[in-house]
Amino acid sequence: MMDEQRVLKIIVAGEGGQGVQSIGELLAEAAFQAGKQALYIPNFGVEQRGGVSVAYVQIAEEAIGAPKFLYADLLAVLSKRAAERTKGYIKPGTIYLYEESALAAPVIDDQAVGIQGYETVAPEGFAKMVGAAAAPASSPPVDPSIRPVGIRAAQTAKAELTPRVFNIIVLGAITKLIKVLPPAGVKEAIAKKFGAKFRENPELEALNYQALAKGLTMIETEGQQ
Amino acid sequence: MTGNEVVAWAALVAGADFMYGYPITPQNEIMHYWARLAPHFGRGFLQTEDEMAAGFAMLGGALVGKKTFCATAGPGNILMQEPIAMAEMMRIPGVWVIQQRGGPSTATVIYSQQELRLTTAGGNGEGLRIVYSTAFHQELFEYTIKAFNRAWEYRFPTFVLGDGYQAKMREAVTLFRPEARGWTLTPAEPLVRRPGIPALDRDPVHLRNTFNIEEELYDRLMAQLAAYDRLTPEVVEWEVEVGPETEVLLVAHGIVARAAKQACAMLNRQGYKVGYFRPITVRPFPGAALREAVAANPNLRLLVVESAYGQLLALVKAELYGFTNAIDTLLKPGVGITAEEIMAAVTARTPKEVRPGG
Amino acid sequence: MDEKRTVVRGPAENRNMPLSWRKETKPHRFCPGCGHGIALKALGEAVGELGILDRVLYGCDIGCSLLSWDFFNFDSVQTHHGRTIPVVVGAKRARPETIAIAYMGDGGGYAIGAQHLVNAAQRGDQITAILANNTLYAMTGGQLAPTTLPGQKTGTTPYGREVRKTGAPMQGPELVAAIAADGAYVARGTVGEYQQLKEFLKKALRNQMEGRGFSFVEVLSTCPTNWRTDAKATWAFLRGEMARYFKVGELRVPEPVAGGEG
């Protein structure tokens with residue numbers, strides 16, 4: 001899934017407080033641990049307080065260039081506003097991981113442009129905007145190789161674990177989809193980042209690892225689209 | 001770790017004694033990390049009322065023999081030019097870390113390379129400064145240490161020119177104690193308050209920056225310019241990849257040089273003949289090295305790439321006076337530049353008939 | 001390097017001039033009748049009597065105060081207009097045994113550098129700031145200062161200062177006294193009362209030596225050149241009109257600093 005630069009490009013976008021930047025940090029940390037190059041940069045615009053939060057992560061075998069990039073190989077979207085903000089990063093082949101409670105399951109139709117089914121009724125212009133990012137409006141319909149993958153991380157976290165580990169479920173799903181990081185390494189990264197918190201609250205440690213496991217198993221990487 | 005954290009650690013191992021700072025994004029975490037580390041290592045921190053106070057307080061600390069530094073950006077860098085001018089005039093050492101943000105004015109807190117001119121040539125003088133433009137966290141660490149050494153060795157204001165991306169992004173870095181690598185730390189000498197009682201044991205030290213007649217100033221400045229010329233070959237640094245086959249020479253500094261280097265490698269894989277030149281010291285500028293690189297091939301074209309609208313370009317043009325090579329540009333003020341964009345700029349300008357495989 | 005040494009009195013040949021005065025640079029460069037010479041003499045004597053010559057870093061502002069850069073037999077630095085306070089604050093913070101003195105005019109302290117005065121006072125920086133108030137910008141040719149008296153003619157108030165347009169005379173020590181951190185010493189002296197002024201300056205320095213807090217002395221001073229006054233009129237303006245707006249005396253005295261001698 002890497003392009004000619006041999007760099008895997010990941011964007012995680014959601015609301016401030018959803019744990020988006022932790023996902024970015026943990027992916028970068030797990031990549032370092034796996035002996036890879038990694039570069040993570042948070043968005044830090046005026047919106048950093050209580051707005052959309054975006055994490056940009058690159059993973060590669062060799063030195064990484066610019067910290068930002070034009071298109072994502074995997075775009076993980078956790079809120080409606082985040083979907084809007086990051087639509088320009090979609091290209092043919094992008095894996096579009098989304099939280100189903102935030103975005104209703106998209107309907108893929110060869111005749112349609114881009115991803116549809118935004119909530120129950122697609123907001124005006126949304127499909128066109130998403131499509132326009134991948135191809136000019138006048139071009140033929142967007143490459144259907146954009147792979148939408150919906151997960152119910154919020155519901156799973158709330159019903160089975162604790163809402164606090166929502167982002168770790170997403171991290172598990174990303175780990176599964178990108179295939180380049182060993183799950184054990186991601187677990188180690190979690191242990192390293194939250195070590196102090198876990199010592200205070202061992203129950204939280206178990207919940208995090210369960211969340212990671214849920215994320216890793218809740219989606220099928222084969223047979224999608 | 002983030003670039004801001006890297007800078008704080010580098011200042012610590014470089015022997016910095018005191019940081020004077022004022023909040024401005026995107027450098028705040030340098031102050032945060034330093035303020036947290038400093039008390040555990042017997043170092044000091046003071047948050048001042050503005051950047052001018054921070055800069056002048058640095059000079060006070062350096063005068064009494066302490067290694068002082070500060071970090072700032074954008075409008076803070078503008079205010080900082082006043083104390084920097086005094087440092088330049090009076091040869092008071094200091095290290096400034098600049099994490100460039102978008103400009104002019106408040107603009108963005110995110111990123112740019114628009115403070116190149118201000119950092120290299122700001123102030124009402126001749127811009128006698130040493131400015132390192134870093135690209136990787138490892139460099140941020142090592143050049144921050146080097147900046148402290150250079151500042152106290154040559155007593156010219158010394159800068160680490162970073163940017164908002166470097167400040168905030170996380171990538172791997174190896175921290176080390178400079179002594180462990182055989183690097184010697186330049187000691188800080190007091191300029192005032194040396195041992196002894198003035199008028200009894202020694203003459204008092206009276207440091208002056210106001211001159212009554214033009215010639216008095218001229219003599220002082222010419223001596224300083226001569227000192228600066230002497231240090232230039234000792235401090236100038238650059239990175240170059242060029243050969244007689246090179247058709248396009250990418251010129252970029254700082255974080256944009258990462259994208260340029262990557263674009264260079266990818267284009268060469270595709271069969272294009274692309275070289276790469278990166279000044280690491282943007283002041284003094286590695287002019288002789290650039291001229292040598294350009295002379296590799298009389299038909300070589302340059303592509304100057306920067307997140308500013310011609311600030312690096314102006315330095316390049318000044319150094320290439322008399323050369324007839326074409327200079328193309330990819331100028332995106334205040335915006336990051338990717339390898340793909342640089343590749344597109346190169347391939348678009350390469351005539352179809354000479355494109356590899358085309 | 002930082003051991004404290006005490007010099008109460010210099011060698012015999014210097015007895016007629018305080019050791020803290022630099023003989024080689026006398027006579028000084030100030031205009032005839034200028035108050036700076038008197039204020040600096042008092043400061044020099046205070047430093048000498050306190051035996052802190054080797055610990056002083058004396059910073060002088062831009063304006064006529066810059067002419068004092070080589071006045072003394074202690075280490076000095078000329079700074080920028082308004083920026084003397086941060087320079088000596090930086091030195092004091094980096095080497096706390098330093099006796100940091102910032103000498104400035106009313107423009108430097110109350111206008112362009114007001115933020116530094118206010119914040120150093122509020123933080124309780126252990127420095128001694130001395131500000132000469134002569135009611136105008138002298139070195140640049142006599143312009144309106146924050147301290148210019150109502151009706152006073154200056155280069156930029158050629159018809160006299162109008163309070164409604166440019167405000168009333170700045171009450172500097174009153175401002176500092178109101179905001180300074182605990183341990184501050186704040187006073188207003190005058191070159192017309194030499195012994196009192198020297199006493200205030202000594203107390204201000206001792207306040208710093210004893211690590212209590214910020215100290216600030218405003219010195220009412222004279223500028224016959226820009227006032228365009230003769231000796232008699234100069235003195236009359238200082239003791240008459242200026243004294244009506246600017247009350248001489250101590251505004252903040254930390255308990256243990258009472259008494260100037262010792």
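Undergrad: Tell me what's going on with the overall build of chain B, and back it up with residues and numbers.
TA: Counting secondary structure elements, chain B contains 12 helices and 14 strands. Taking 358 residues into account, the globule formula puts the C-alpha radius of gyration at 21 Å, and chain B, at 21 Å, falls close to it. Reported as C-alpha extents along the three principal axes, the dimensions of chain B are approximately 80 × 50 × 40 Å. The 358 residues of chain B split such that 56% are buried.

Undergrad: Could you give an account of the overall build of chain A, with specific residues and numbers?
TA: In terms of regular secondary structure, chain A is built from 7 helices and 6 strands. Its helices and strands taken in sequence order, chain A reads β-α-β-β-β-α-β-α-β-α-α-α-α from the N to the C terminus. When each of the 225 residues of chain A is scored for burial, the buried share is 48%. At a minimum sequence separation of 6, the contacts of chain A that also span at least 24 residues come to 66%.

Undergrad: Residues and numbers for the interface of chain C and chain B, please.
TA: At the junction of the two partners, chain C supplies 36 residues and chain B supplies 37 residues. Those elements giving two or more residues to the side of chain C that touches chain B turn out to be β2 (75-78), α2 (84-94) and α4 (114-123) of chain C. Tallying contributions element by element places α2(C) first for the side of chain C that touches chain B, with 8 residues. Bridge count for strand β8 (residues 206-207) of chain B against β2(C) is 2 bridges, and the pairing is parallel. Along β2(C), the bridge assignment pairs B:H206 with C:S76.

Undergrad: Explain the domain arrangement of chain B to me, and be specific about the residues and the numbers.
TA: All names here are of chain B. Examined at the domain level, chain B breaks down into domain 1 (3-181) and domain 2 (240-354). Measuring from the centre of the C-alpha atoms in domain 1 to the corresponding centre in domain 2 gives 28 Å. Of all the secondary-structure elements, those providing two or more residues to the side of domain 1 that touches domain 2 are α5 (116-121), β5 (130-133), β6 (158-163) and α7 (164-168). When residues in the side of domain 1 that touches domain 2 are grouped by element, the largest group, 4 residues, is from β5.

Undergrad: Describe in detail the interface of chain A and chain B, supporting the description with residues and values.
TA: Counting residues at the interface gives 18 residues for chain A, matched by 21 residues for chain B. Of all the elements in the fold, those that place two or more residues in the side of chain A that touches chain B are α1 (20-33) and β2 (37-42) of chain A. Ranked by the residues each element gives to the side of chain A that touches chain B, the list is headed by β2(A), at 5 residues. Tallied by class, the residues present in the side of chain A that touches chain B amount to 12 nonpolar, 3 polar and 3 charged. Here β2(A) pairs with strand β7 (residues 170-171) of chain B via 2 bridges, running antiparallel. By the bridge assignment for β7(B), A:Y40 is matched with B:R170.

Undergrad: I'd like a description of the pairing of β2(C), backed by residues and values.
TA: Residues and elements named next belong to chain C. Of the two faces of β2, both are covered, the one formed by D75 and V77 as well as the one formed by S76 and Q78. The pairing of strand β1 (residues 56-60) with β2 spans 4 bridges and is classified as parallel. Bridging from a neighbouring strand, L57 pairs with D75 of β2.

Undergrad: Please set out the sheet that holds strand β14 (residues 327-331) of chain B residue by residue, giving values where relevant.
TA: Residue and element names in this part refer to chain B. Reading across from one edge, β9-β11-β10-β13-β14 is the order of the 5 strands in this open sheet, with mixed pairing throughout. Two strands close off the open sheet at either side, each with one partner strand: β9 (238-241) and β14. Averaged over all neighbouring strand pairs, the angle between strand axes comes to 20°, with direction disregarded. Bridging between β9 and strand β11 (residues 274-279) involves 4 bridges; their strand directions are antiparallel. Each residue of the ladder has a partner; that of E241, found in β11, is Y276. Contacts between helix α11 (residues 311-319) and the sheet are confined to β10 (248-251), β13 (301-306) and β14, with β13 contributing the most and set at about 145° to the helix. In the packing of helix α12 (residues 339-349) onto the sheet, contacts are made with β10, β11, β13 and β14, and the angle to β14 comes to roughly 145°.

Undergrad: Give a detailed account of helix α10 (residues 287-294) of chain B, specifying residues and quantitative values.
TA: In an α-helix, one turn spans 3.6 residues; hence positions three or four apart end up facing the same way. All names here are of chain B. Among all positions in α10, only L290, A293 and V294 are buried. Projection of α10 onto a plane perpendicular to its axis shows the buried side chains occupying an angular sector of 95°, all on one side. At its buried positions, α10 is contacted by β9, β10, β11, β13 and α11.

Undergrad: Explain the confidence of the model for chain A residue by residue, including any values.
TA: For chain A, per-residue confidence averages 79 on the pLDDT scale, and 74% of positions sit at 70 or higher. Below a pLDDT of 50 lies the segment residues 105-142 of chain A, which in the model reaches 60 contacts outside its immediate sequence neighbourhood of four places, other chains included.

Undergrad: Provide a residue-level description of the sheet that holds β5(B), including the pertinent values.
TA: Residue and element names in this part refer to chain B. Within the open sheet, the 7 strands sit side by side as β2-β1-β3-β4-β6-β5-β12. Their pairing is mixed. Of all strands in the sheet, those with a lone pairing partner are β2 (44-47) and β12 (281-283), marking the two edges. Averaged over all neighbouring strand pairs, the angle between strand axes comes to 25°, with direction disregarded. Contacting β4 (95-100), β5 and β6, helix α6 (residues 137-154) crosses the sheet at an angle of about 160° to β6.

Undergrad: Can you break down the environment of B:A14 residue by residue, with the values?
TA: Within the fold, B:A14 resides in the loop between α1 (3-13) and β1 (18-21). The spatial distance from the C-alpha of B:A14 to the C-alpha of B:R36 is 17 Å, given a sequence separation of 22 residues.

Undergrad: Describe the nonpolar core, with residues and values.
TA: Core analysis: the largest hydrophobic core is formed by 258 residues, its most contacted members being A:A76, A:L97, A:I174, B:L250, B:A260, B:V305 and B:I342. When residues are assigned to domains, this core turns out to be shared by domain 1 (3-181) and domain 2 (240-354) of chain B, each giving three or more. Excluding residues that lie within four positions of it along the chain, A:I174 makes contacts with A:I10, A:I23, A:L27, A:L74, A:A76 and A:L97.

Undergrad: Explain unusual backbone geometry residue by residue, including any values.
TA: All names here are of chain B. That bond from T25 to P26 is cis: its omega, 10°, falls within 30 degrees of zero. Each neighbour pair has its own omega, and for R283 with P284 the value is -10°, a cis peptide bond. You will see that R155, though not glycine, has its phi angle at about 55°, which is positive. The phi dihedral of A199 is positive, around 75°, even though this residue is not glycine.

Undergrad: So, the packing of α1(A) against helix α6 (residues 183-200) of chain A: which residues are in play, and what are the values?
TA: All names here are of chain A. Relative orientation of the contacting elements α1 and α6 amounts to 115°, with a least axis distance of 8 Å. Seen along the crossing, α1 lies across α6 with a hand that is right-handed. Of α6, the residues touching α1 (which contributes E25, L26, E29, A30 and Q33) are G185, V186, E188, A189, I190, K192 and K193. Tallied by class, the residues present in the contact of α1 with α6 amount to 5 nonpolar, 2 polar and 5 charged.

Undergrad: Talk me through helix α7 (residues 202-217) of chain A; I want residue IDs and the actual numbers.
TA: Residue and element names in this part refer to chain A. Taking 1.5 Å per residue, 16 residues should reach 22 Å; α7 reaches 23 Å between its end C-alpha atoms and fits that length. Within α7, the full set of buried residues consists of N208, A211, L212, K214, G215 and L216. Looking at the buried residues of α7, the elements they touch are α4 (153-160), α5 (166-178) and α6.

Undergrad: Describe the arrangement of the chains, listing the residues and the values that go with them.
TA: Most contacts, compared over the 2 pairs of chains touching, are made between chains B and C. For the non-touching pair chain A and chain C, the nearest C-alpha separation works out to 28 Å.

Undergrad: Summarise the pairing of β14(B); cite the residues concerned and give the values.
TA: Looking along a regular strand, one sees side chains alternate from face to face of the sheet. Residue and element names in this part refer to chain B. Pairing analysis gives 5 bridges linking β13 to β14, with the strands arranged parallel. Residue pairing for β14: V304 is matched across the bridge by T329. Note that the unit made of β13, α11 and β14 has a crossover that is right-handed.

So, how was this worked out
- Residues numbered from 1 in each chain as written.
- Chains lettered and ligands numbered in written order.
- Predicted model: local features only at pLDDT ≥ 70, side-chain atom pairs only at ≥ 80, totals over all residues.
- Helix = DSSP H or I, 4+ residues; strand = E, 2+ residues; numbered from the N terminus.
- Rg over C-alpha atoms; globule rule 2.2 N^0.38 Å.
- Buried ≥ 20, exposed ≤ 12 C-beta atoms within 10 Å, placed from the backbone.
- Contact = placed C-beta atoms within 7 Å.
- Pairing = 2+ DSSP bridges.
- Domains from an automatic or database assignment.
- Nonpolar A, V, L, I, M, F, W, Y, C, P; charged D, E, K, R; others polar.
- Axes fitted to C-alpha atoms, helices over the stretch in contact; angles between N-to-C directions.
- Arc of directions from axis to C-beta.
- pLDDT = per-residue confidence, 0-100.
- Core = buried A, V, L, I, M, F, W, Y, C linked by C-beta atoms within 7 Å.
- Left-handed = near helix turned anticlockwise from the far one by under 90°.
- Expected span 1.5 Å × (residues − 1).
- Right-handed = clockwise from strand over helix to strand, strands pointing away.

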